[in-house]
Amino acid sequence: MTIDIRLLRQVLALSKHRNFARAAEALHISQPALSRSIAGLEQSLGVQLFDRTSAGVEPTIFGQTVIGRGHDILKKEKELRREIFLIQGIEVGELFIGAGPFPFEISISHAVAKLITRNTKLQVRIDMDSAPAIVNRVLSGDIDIGVADIRHCEDFARLTFELLPEHAVACCCRREHPLAGRRALSLDDLLQFPIVGTIMPPALAALLSPGGAAGRIDEDTKNFRPAITVDSLAAARSIALGCDALLPITPGCIAPELESGDLVILDFSTPWMRNQYGFISRKDRTHSPAAIEFMARMREVEAEAIELENRLFAIYSSYSDSPGGHAGSTS
């Protein structure tokens, strides 16, 4: 007796959605086709995998066994495909990238464009997620390489890192904000207003505590959660433009808003306001040719982004001691 990989995917989809219609939609097949496949597999195995109820479906003890083994089999099948692609080289390869919000906005798309220009047959998938989620997905093998804030990494035994150039972060706000135009602001001044942005690592949480209106520390992870937590920098920009929330962001991400004057850089600077993201990968995984080529293009784009940020700081900072002058440093 043989079990088709396709059938295992269908069993796992049905287990996840607990509903034939939703599982069929996720699999891009018809509900009758999925029902026939599951019934055929049950007949072949001689056991019932799912109990059908008015509320949906529930795996039986036999179904739970197939589901547990199925996850392992599909993971090994994915690894096998990856090894084959690695041997074949970049031209027919696949590359799965996980990007944190800042690299996603600053450099990922430009680097992938350069990559595809040179390797037109390469298949690329880019997923944007929070930095902690990217770390977990690298560890699980779901993505080949992550580009995210390395300060969220804790599993040093299984992960390897390469820090990209640090980006100086400016604290920005809309031009009508009460703090706009004020000189020599303190951190206490800023913490009286909500912050909009991404989750910040424990190292920054300690500096921002107590956060006042700015946000709070997550008791479980010790990360700092801004008052308005959002992974999309585009959404964060829109929110900052519409209220008195403060937006910590690299100036390259808001160049049009700085030019129009809709957003301004506040007179506040401190060495810890930096973005420290880099490549994150598993130590036991050899980089594919596609990943190596992507990393090379990322280094090129990151250098260009730093030059742009320095120029924007020089033009739009309301204070002379601009952090942009140090934006290209690494540690």
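The rules we used
Per-chain numbering applies: the sequence of each chain, read as written, is numbered from 1 onward. Predicted model: local features are reported for residues with pLDDT of at least 70 only, side-chain atom pairs are reported and counted for 80 or more only, and whole-chain, interface and lining totals are derived from all residues. Only hydrogens and water are removed before side-chain values are computed, so all heavy atoms of the structure are retained for them. Strands here mean DSSP runs of E at least two residues long; helices mean DSSP runs of H or I at least four residues long; both are numbered from the N terminus. Throughout, exposure labels follow a simple rule: accessible area from a 1.4 Å probe, protein chains only, divided by the maximum for the residue type, with under 20% read as buried, over 50% as exposed, and the rest as partly exposed. In what follows, a contact means two residues having at least one pair of non-hydrogen atoms within 4.5 Å. To measure how exposed things are, a 1.4 Å probe is used in the Shrake-Rupley method; for residues, cover is taken only from the protein chains shown. Aromatic rings from Phe, Tyr and Trp, with only the six-membered ring used for Trp, were paired whenever their centres fell within 6.5 Å, and each pair was classed as stacked if the ring planes differed by under 30 degrees, edge-to-face if by over 60, and tilted otherwise. A side-chain nitrogen of Lys or Arg and a carboxyl oxygen of Asp or Glu constitute a salt bridge if their distance falls within 4 Å. Throughout, a disulfide means two cysteine sulfur atoms within 2.5 Å of one another. Strand pairing is assigned whenever DSSP detects at least two bridges linking the two strands. Regarding the arc, it is the one traced by the directions from the helix axis to the C-beta atoms. Between the N-to-C directions of two axes lies an angle of 0 to 180 degrees, each axis being a line fitted to C-alpha atoms and, for a helix, fitted only over the stretch in contact. Should an angle fall under 35 degrees it is taken as roughly parallel, and over 145 as roughly antiparallel, whereas 65 to 115 is taken as roughly perpendicular and any remaining angle as oblique. By the definition used in this description, the sense in which the near helix is turned from the far one sets the handedness, with an anticlockwise turn below a right angle giving left-handed and a clockwise turn giving right-handed. Each residue is assigned to one class: nonpolar for Ala, Val, Leu, Ile, Met, Phe, Trp, Tyr, Cys and Pro, charged for Asp, Glu, Lys and Arg, and polar for all the others, Gly among them. Residue types Ala, Val, Leu, Ile, Met, Phe, Trp, Tyr and Cys, when buried and joined through side-chain atoms within 4.5 Å, form a set referred to as a nonpolar core. The predictor attaches a confidence to each residue, and that confidence, scored 0 to 100, is pLDDT.

1. Some remarks on the overall build of the protein
Each helix and strand counted, the protein has 11 helices and 16 strands in total. Considered along the principal axes of its C-alpha atoms, the protein spans approximately 75 × 45 × 40 Å. Burial status across the protein gives 46% buried among its 331 residues. Intrachain contacts of the protein at a sequence separation of at least 6 include 70% that bridge at least 24 residues. Of the roughly 16000 Å² of accessible surface on the protein, 54% is carried by carbon and sulfur atoms.

2. Focus: the packing of aromatic side chains
This structure, assessed with the given rule, holds one aromatic pair. With centroids separated by 6.4 Å and ring planes inclined at 70°, the aromatic side chains of Phe279 and Phe294 adopt a geometry described as edge-to-face. Of the two residues, Phe279 sits in strand E16 (residues 277-282) while Phe294 sits in helix H11 (residues 289-316), which places them 15 residues apart along the sequence. Phe294 gets classed as buried once you look at its relative accessible area, which sits at 0%.

3. Things to note about the pattern of salt bridges
Under the counting rule described, the total for this entry stands at 25 salt bridges. The partner of Arg18 in a salt bridge is Glu58, and the shortest N-O contact between them spans 2.7 Å. Of this pair, Arg18 sits in the loop between helix H1 (5-17) and helix H2 (20-27) while Glu58 sits in strand E2 (residues 56-59); the two residues are 40 residues apart in sequence, bridging distant segments of the chain. For Arg18, a relative accessible area of 29% corresponds to the partly exposed category. Under the relative-accessibility criterion, Glu58 is labelled partly exposed at 42%. One salt bridge connects Arg175 with Glu176, and the closest N-O pair in it is separated by 3.8 Å. Overall, Glu176 belongs to the exposed group, its relative accessible area being 52%.

4. Observations regarding the state of the cysteines
Per the stated rule, a full pass over the model turns up zero disulfides. The thiol of Cys173 is unpaired, and the distance to the nearest cysteine sulfur, on Cys171, comes to 7.1 Å. On the accessibility criterion, Cys173 (0% relative accessible area) is buried. Cys253 takes part in no disulfide bond, and the closest cysteine sulfur to it belongs to Cys172, at a distance of 9.8 Å.

5. Describing the pairing of strand E4 (residues 123-128)
Strand direction decides the pairing type here: strand E3 (residues 94-99) and E4, joined by six bridges, are parallel. Residue pairing across strands places Gly98 opposite Asp127, the latter belonging to E4.

6. Points about helix H9 (residues 233-242)
Listed in full, the buried residues belonging to H9 are Leu233, Ala236, Arg237 and Ala240. Viewed end-on, H9 has its buried residues packed into an arc of 100°, placing them on one side of the element. Those residues of H9 that are exposed and aimed more than 90 degrees away from the buried face are Ser238 and Gly242. In this structure, the buried residues of H9 make contact with helix H5 (101-118), strand E8 (170-174), strand E9 (196-197), strand E13 (247-249), helix H10 (255-260) and strand E14 (263-265).

7. Some details on the packing of H1 against H2
Direction vectors running N to C along H1 and H2 enclose 130°, while the axes themselves pass 8 Å from each other. In terms of their interaxial angle, H1 and H2 are classed as oblique. You can see that H1 and H2 cross each other, and the crossing is right-handed. Across from Arg9, Gln10, Ala13, Leu14 and His17 in H1, the residues of H2 making contact are Phe20, Arg22, Ala23, Ala26 and Leu27. Among the residues forming the contact of H1 with H2, the class breakdown is six nonpolar, two polar and two charged.

8. Some words on the nonpolar core
Buried together is how nonpolar side chains tend to be arranged in soluble globular proteins. Residues Ile108, Val147, Leu247, Phe279, Phe294 and Met298 are the most contacted members of the largest nonpolar core, which totals 39 residues. When residues of this core are assigned to their parent elements, the largest contribution, eight residues, is made by H11. Leaving out residues up to four positions away in the same chain, Phe294 has contacts with Leu95, Ile97, Ile108, Ala111, Val112, Leu115, Ile145, Val147 and Phe279. Within the second largest apolar cluster, 18 residues are counted, among which are Leu8, Leu41, Val66 and Leu74.

9. Some thoughts on the confidence of the model for the protein
For the protein, mean pLDDT is 88; residues scoring 70 or higher make up 92% of the total. Note that residues 319-331 has pLDDT below 50 and, in this model, 35 contacts with residues that lie over four places away or in other chains.

10. As for the packing of H2 against helix H3 (residues 31-45)
Between H2 and H3, the least distance of the axes is 8 Å, while the angle of their chain directions is 105°. It follows from the interaxial angle that H2 and H3 lie roughly perpendicular. Mapping the contact onto sequence places Phe20, Ala21, Ala23, Ala24 and Leu27 in H2 and Gln31, Leu34, Ser35 and Ile38 in H3. Grouping the constituent residues of the contact of H2 with H3 by class yields seven nonpolar, two polar and no charged.

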